[in-house]
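# Coordinates in review
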Amino acid sequence: MLTFDFMRHAFVASTFIAITCGLIGVFVVARNMSFLAHTLSEIGFAGASFGVFMGIAPLNGMLLFTLLSSITIGQMSAKESRREASISAISSLFVGLGILFLSLSNRNASYAINILFGSIIGISLADVYQLIILSGAIMIGLLIFYRYLVFDSYDPIGAQAQGLKTNLLSIYFLILLAVSVSIAAQIVGSLLVFILVTIPAFIAKYLAKSVPGMLAISVATALLGVWLGLWLGYLTNWPVTFFIATIEFGFYFIALLYHRRISR
Amino acid sequence: MTELVNAQHLGLAFSNRQVLKDLSFTIERGSMTSLIGPNGVGKTTLVRLLIGNLQPTEGQLVFNPDKQKLNIGYVPQFRNLEAEYPLSIRSFVSLNQLDSHLPWKSRKERQALDQILEQTHLTALQKTTVGNASGGEKQKAYLAQALISKPDLLILDESTASLDIETKEEVMALVAELNREHGLTVIFVTHDLELARKYTDQYLFLKRGQYEAGPMSQLDPNLELD
């Protein structure tokens, strides 16, 4: 399987993306930002469509839109009472914009399907390099303020009480999340970033009691999902996204059963 | 005893309201002071001044050592930790170990964590998730988290308010033990005069536009709040 260039590219890119999403997802879940991540991915869809319309790479369009909007979105949904309303309104607007850009660009439906559901097979070497650089930047970004991000994510009131600059940390995290969502969409598509950004982290939440433990489990399940997904996709010629989603759901279900059993 | 905090004619006014006015008091190192007063009198505002969240509009707060070097631990009144909160008590307490940027804890940090868990009587419960801990155990975990950074001054903001009588006593006995054995300076913000009288030796009583401060023995025995 790995004798083919396109499969090697897919494996390398997926590995980096799965590690990054596994790591960032733990913070997303701790900060109750799963739906915000989903909204960012829909903004990413509009960005990718905009990229297609403008003749630039969809990933660059995605990065442009998610980075520019991440802070505004974070502020609009900061209040829990209006979070759902803000997220619904923003999602609708950007999905609409995505459809508009695709329509204006006169591309065929398969382009929209690739953006929405992922297209890791067929990724070029230049794309692989770009994804590795972006993943590396996110990992370094997490590492630099690791302890502060952990404190603010798992105990925001305590972090504030100890004098941490929690507002700045939130903005910093949203920027890292915007980039993570954009790269996750390269594998599973913008419609399904949940698969890599939040499901492995929820699995980890059920199984571990420490942050390093959660990070390890989240990364491991994300990696297993993409590796097995690519392999099964190669064997069957079925969509890789389908396999990754099914595998992650399987892991989630097992973790949930285990959690319920030990919680009794 | 040496002074840790000296407030001189302290005042704070927001645009249309004077919250604190001409307030002078000292907090001695190793003391336990109750900050008492009816609701809305400015107790939380004073705490915010002490921890540096607000700046006084009149007078000054002198810290010894100066504010940059003084480490203040603050246990806020409310935490929003859900029942499914995943972190163990040990992991939760360690969140406030911020001296290093490394993602893993050094041996020295692990030893400091063991020590704090022992001091707060949480060693046996360290693997329990905070979500599954009782009210008193959670309160001890909050206390331990504030203590892990080795504060010079610990401020407990209504920390016992939501606990039953027995657990309140247990938490306060622990705070008193830390004060006695480790010289921890404590400001205890409370409405519970019984606990204040039993466990603290000084008081600062804020009233509307006035205040009283002194040894606890001088607090009016018939005083009732609200």
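Parameters and conventions
Residues numbered from 1 in each chain as written. Chains lettered and ligands numbered in written order. Predicted model: local features only at pLDDT ≥ 70, side-chain atom pairs only at ≥ 80, totals over all residues. Helix = DSSP H or I, 4+ residues; strand = E, 2+ residues; numbered from the N terminus. Buried ≥ 20, exposed ≤ 12 C-beta atoms within 10 Å, placed from the backbone. Contact = placed C-beta atoms within 7 Å. Axes fitted to C-alpha atoms, helices over the stretch in contact; angles between N-to-C directions. Parallel < 35°, antiparallel > 145°, perpendicular 65-115°, else oblique. Left-handed = near helix turned anticlockwise from the far one by under 90°. Nonpolar A, V, L, I, M, F, W, Y, C, P; charged D, E, K, R; others polar. pLDDT = per-residue confidence, 0-100. Pairing = 2+ DSSP bridges.

## Regarding the overall build of chain B
For chain B, the count of helices and strands is six helices and nine strands. When each of the 226 residues of chain B is scored for burial, the buried share is 39%. Put simply, 71% of the contacts in chain B that link residues at least 6 apart link residues at least 24 apart.

## Digging into the packing of helix α11 (residues 199-207) of chain A against helix α12 (residues 211-236) of chain A
Residue and element names in this part refer to chain A. Orientation of α11 relative to α12, taken along the N-to-C sense of each, is 135 degrees, at an axis distance of 8 Å. The orientation of α11 relative to α12 falls into the category oblique. Pair α11 / α12 crosses with right-handed handedness. Contact with α11, carried on its side by Pro 200, Ala 201, Ile 203, Ala 204, Lys 205 and Leu 207, involves Met 214, Ile 217, Ser 218, Thr 221 and Ala 222 of α12 and no other residues of that element. Counted by class, the contact of α11 with α12 contains eight nonpolar, two polar and one charged residues.

## Details of the packing of helix α3 (residues 58-76) of chain A against helix α9 (residues 166-188) of chain A
When two helices pack together, their arrangement is given by the angle between the helix axes and by the axis-to-axis distance. Residues and elements named next belong to chain A. Put simply, α3 and α9 touch, their axes get as near as 9 Å, and they point 150 degrees apart. Of the possible angle classes, the one that applies to α3 and α9 is roughly antiparallel. Relative to α9, the crossing made by α3 is right-handed. Two secondary-structure elements touch here, α3 through Leu 59, Met 62, Leu 63, Thr 66, Leu 67, Ser 70, Ile 71 and Gly 74 and α9 through Ser 170, Ile 171, Leu 174, Ile 175, Leu 177, Ala 178, Val 179, Val 181, Ser 182, Ala 185 and Gln 186.

## Observations concerning the confidence of the model for chain A
Per-residue confidence for chain A gives a mean pLDDT of 87; residues scoring 70 or more make up 96%. Summarising per-element confidence for chain A, the mean pLDDT is lowest in helix α5 (residues 109-117) of chain A (72) and highest in helix α7 (residues 146-154) of chain A (96).

## A word on the confidence of the model for chain B
The predicted model of chain B averages 89 in pLDDT, with 99% of residues at 70 or higher. Among the prediction metrics, the complex's ipTM stands at 0.88, with pTM recorded as 0.89.

## Some points on the sheet that holds strand β1 (residues 3-14) of chain B
All names here are of chain B. One open sheet accounts for three strands, arranged β2-β1-β4; its pairing is antiparallel. In the strand order of this sheet, the two ends are held by β2 (17-28) and β4 (58-63), each with one partner. Neighbour to neighbour, the strand axes of the sheet diverge by 15 degrees on average, direction disregarded. Across five bridges, β1 lies against β4 in antiparallel orientation. Bridge assignment links Gly 11 to a residue of β4, and that residue is Glu 58.

## Comments concerning the interface of chain A and chain B
Taken together, the contact pairs 18 residues of chain A with 20 residues of chain B. The set of elements that each furnish at least two residues to the side of chain A that touches chain B consists of α6 (125-144), α7 and α8 (156-161) of chain A. With six residues, the top contributor of residues to the side of chain A that touches chain B is α7 of chain A.

## Re unusual backbone geometry
Even without being a glycine, Asn 32 of chain A presents a positive backbone phi close to 55 degrees. Looking at the secondary structure, you find Asn 32 of chain A in the loop between α1 (5-30) and α2 (34-54). Residue His 9 of chain B is not a glycine yet carries a positive backbone phi of 50 degrees. In this fold, His 9 of chain B is placed in strand β1.

## Let's talk about the environment of Lys 209 of chain A
One can find Lys 209 of chain A in the loop between α11 and α12. Excluding anything up to four places from it in sequence, Lys 209 of chain A contacts Pro 86, Leu 87, Ser 88, Ser 91, Lys 127 and Thr 129 of chain B.

## A few points about the pairing of β2 of chain B
Residue and element names in this part refer to chain B. Across eight bridges, β1 lies against β2 in antiparallel orientation. Its bridge partner lying in β2, Val 5 is registered against Ile 27. The antiparallel hairpin formed by β1 and β2 contains two residues in its connecting segment.

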